[in-house]
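What follows is each chain in one-letter form.
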Amino acid sequence: MAPVPESVLSVGATLGEGPVWVARDAALWFVDIKQKRIYRFDPHLGVARSWDAPAQVGWIVPTRDGLFAVGLQSGVHRFDPDAASFALLHAPEADRPGNRLNDATVDPAGALWFGSMDDGEAADSGRFYRLHQDRLTESGLPPIAITNGPALSPDGTLLYHTDTLGKRIWRTRIAADGTLHDTALFVEIEDGAGYPDGPTVDAEGCLWTGLFAGWAARRYDPAGRLMTEVRFPVANITKIAFGGPDLSVAYATTARKGLTSDQLVAQPCAGDLFAFDPGVRGQTSYIAAI
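Residues numbered from 1 in each chain as written. Predicted model: local features only at pLDDT ≥ 70, side-chain atom pairs only at ≥ 80, totals over all residues. Heavy atoms only, no water.

Naming follows an unreviewed UniProt entry, where the protein appears as Putative gluconolactonase of Sphingobium indicum. We quote the UniProt Sequence similarities (unreviewed entry) comment for the protein here in full: "Belongs to the SMP-30/CGR1 family." (UniProt positions renumbered as here; feature names shortened; annotations may be inferred.)

Time to look at the nonpolar core. Among the nonpolar cores identified, the biggest contains 26 residues, and Leu 28, Phe 232 and Ile 240 are the most heavily contacted of them. Listed by contribution, the elements that provide at least two residues to this core are strand 3 (27–32), strand 4 (37–42), strand 22 (237–243), strand 23 (249–254) and strand 24 (273–276). Those residues within four positions of Ile 240 in sequence are excluded, and the remaining contacts are Pro 19, Thr 200, Trp 208, Ala 217, Ala 250, Tyr 251, Ala 252 and Phe 276. (Core = buried A, V, L, I, M, F, W, Y, C linked by side-chain atoms within 4.5 Å. Buried < 20%, exposed > 50% of the residue type's maximum accessible area, 1.4 Å probe, protein only. Helix = DSSP H or I, 4+ residues; strand = E, 2+ residues; numbered from the N terminus. Contact = heavy atoms within 4.5 Å.)

Further remarks concern the pairing of strand 2 (residues 16–22). Taken across its 7 residues, strand 2 has 7 buried, putting it largely inside the fold. Across 5 bridges, strand 2 lies against strand 3 in antiparallel orientation. Note that in strand 3 the partner of Val 20 across the bridge is Trp 29. (Pairing = 2+ DSSP bridges.)

So, about the UniProt feature "domain: SMP-30/Gluconolactonase/LRE-like region" (unreviewed entry) in the protein. The UniProt entry lists residues 15–256 under the feature "domain: SMP-30/Gluconolactonase/LRE-like region" (unreviewed entry), expressed in the numbering used here. Annotated as residues 15–256, this span is 0% helix and 57% strand, and its ends, taken at the C-alpha atoms, are 6 Å apart.

By the secondary structure assignment, His 132 is in strand 12 (residues 128–132). Those residues in contact with His 132 that lie beyond four places of it in its chain are Ala 109, Gly 110, Ala 111 and Ala 289.

Further remarks concern empty space enclosed by the protein. Applying the stated rule across the entire model yields 1 cavity of 30 Å³ or more. Of the volumes computed, that of the largest cavity is approximately 420 Å³. Along the wall of the largest cavity there are 29 residues; nearest its centre are Val 20, Thr 105, Thr 200, Thr 284 and Ser 285. Those elements giving two or more residues to the lining of the largest cavity turn out to be strand 2, strand 6 (57–62), strand 10 (99–106), strand 14 (147–152), strand 18 (195–201) and strand 22. (1 Å grid on protein atoms, 1.4 Å probe; cavity = no way out; pocket = protein on both sides within 12 Å on 5 of 7 lines; lining within 4 Å. Points joined across faces, edges and corners; volume = space filled by probe spheres on them.)

So, about the layout of surface pockets. Size it by volume and the largest pocket reaches roughly 230 Å³. Glu 121, Ile 146, Thr 164, Asp 197 and Phe 212 are, among the 15 residues lining the largest pocket, the residues nearest its centre. Contributions of two or more residues to the lining of the largest pocket are made by strand 10 and strand 18. Here the residues of the lining of the largest pocket are counted per class, giving 7 nonpolar, 3 polar and 5 charged. (Nonpolar A, V, L, I, M, F, W, Y, C, P; charged D, E, K, R; others polar.)

Taken together, 4 strands build an open sheet; the order of strands is 2-3-4-5 and the sheet is antiparallel. A strand with exactly one partner marks an edge of an open sheet, and here the two such strands are strand 2 and strand 5 (47–52). Here the strands of the sheet are splayed against their neighbours by 20° on average, with no regard to which way each runs. Bridge analysis of strand 3 against strand 4 gives 5 bridges, and the strand direction is antiparallel. (Axes fitted to C-alpha atoms, helices over the stretch in contact; angles between N-to-C directions.)

Structurally, the position occupied by Glu 93 is in the loop between strand 9 (85–90) and strand 10. Beyond its immediate stretch of four places on either side in the chain, Glu 93 contacts Asn 99, Ser 116, Ser 125, Arg 127 and Tyr 129. Within polar-contact distance, the side chain of Glu 93 engages the side chain of Asn 99 at 2.8 Å. Side-chain polar atoms of Glu 93 contact the side chain of Tyr 129, separated by 2.7 Å. (Polar contact = N/O pair within 3.5 Å; in protein donor to acceptor, adjacent residues only side chain to side chain.)

Glancing now at unusual backbone geometry. Look at the link from Gly 149 to Pro 150: it is a cis peptide, with omega at 5°. Positive phi values are uncommon outside glycine, yet Lys 167 reaches one of about 60°. As for its placement among the helices and strands, Lys 167 is situated in the loop between strand 15 (158–163) and strand 16 (168–174). Here Lys 167 falls in the buried class, since its relative accessible area comes to 14%. The backbone phi angle of Ala 213 is positive, close to 65°, even though this residue is not glycine.

Okay, the packing of aromatic side chains next. Under the defined criterion, the tally for this structure stands at 15 aromatic pairs. Taking 4.9 Å as the distance between ring centres and 10° as the angle between the ring planes, the aromatic pair formed by Phe 30 and Tyr 39 counts as stacked. Judged by centre distance (5.6 Å) and plane angle (80°), the ring pair of Phe 232 and Phe 274 falls under edge-to-face. In this pair, Phe 232 sits in the loop between strand 21 (226–231) and strand 22 while Phe 274 sits in strand 24, placing the two residues 42 residues apart along the sequence. A single burial state applies to Phe 232 and to Phe 274, both of which are buried. (Phe/Tyr/Trp six-rings, centres within 6.5 Å; stacked < 30°, edge-to-face > 60°.)

Given below as structure tokens:
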């Protein structure tokens, strides 16, 4: 039988995104981009704590100093939860104030990969970047309007990146020096199935993607064949993350963004954090070396 997602935290996020399991905290961290808020969810207690961010916040990842890196609209910042403070590290697009940072992951070497996007969701101004040990480089991938991901294969040699408006997920090989080559189409989402949002790769090398306006999350094998579709009681599924002590629980962020008042009445759990049994374990979330 297909997994049945259940709401585990009612937050009513306008645009829930960026879930990541942080083992040192035994907690799931995620953000609400439009409400400029960071969340820490403790599944053992079933409670969450939140922090206000000074700008739209697209993602959060742990860093080796015990703190976090977050992607604000103004750039990559170091976030200290105890002090509720934000310190700018890099502003890759200071010349593009209409852009914001949107999604990210960390590779086994501690390099942070992240994307930007047009906040108006129209212009092809979004790009992908790599930040490692204070060296920021642009990926060289073509600019698009809404980037999502990237996500990495278990061995760290393949980068999956999403063109949300184009409904395509691409796969690119990563050389030892971090440069990219051999980009190929991995999956194209058919009309009527929604828009591919944040991607995640599980321990078996299969890719999960949330489907915004698609009422579902999907799992594809490494050849791009559809394996599983998990249906939700809400339309906008943004990203999957694996958590719990053995990474066997799938968490899903969702969004209220774009829903009419009637749709919100019909979807009372829109914007909540969901969980389900995926039947597979996730990969360890790596710590950023920045």
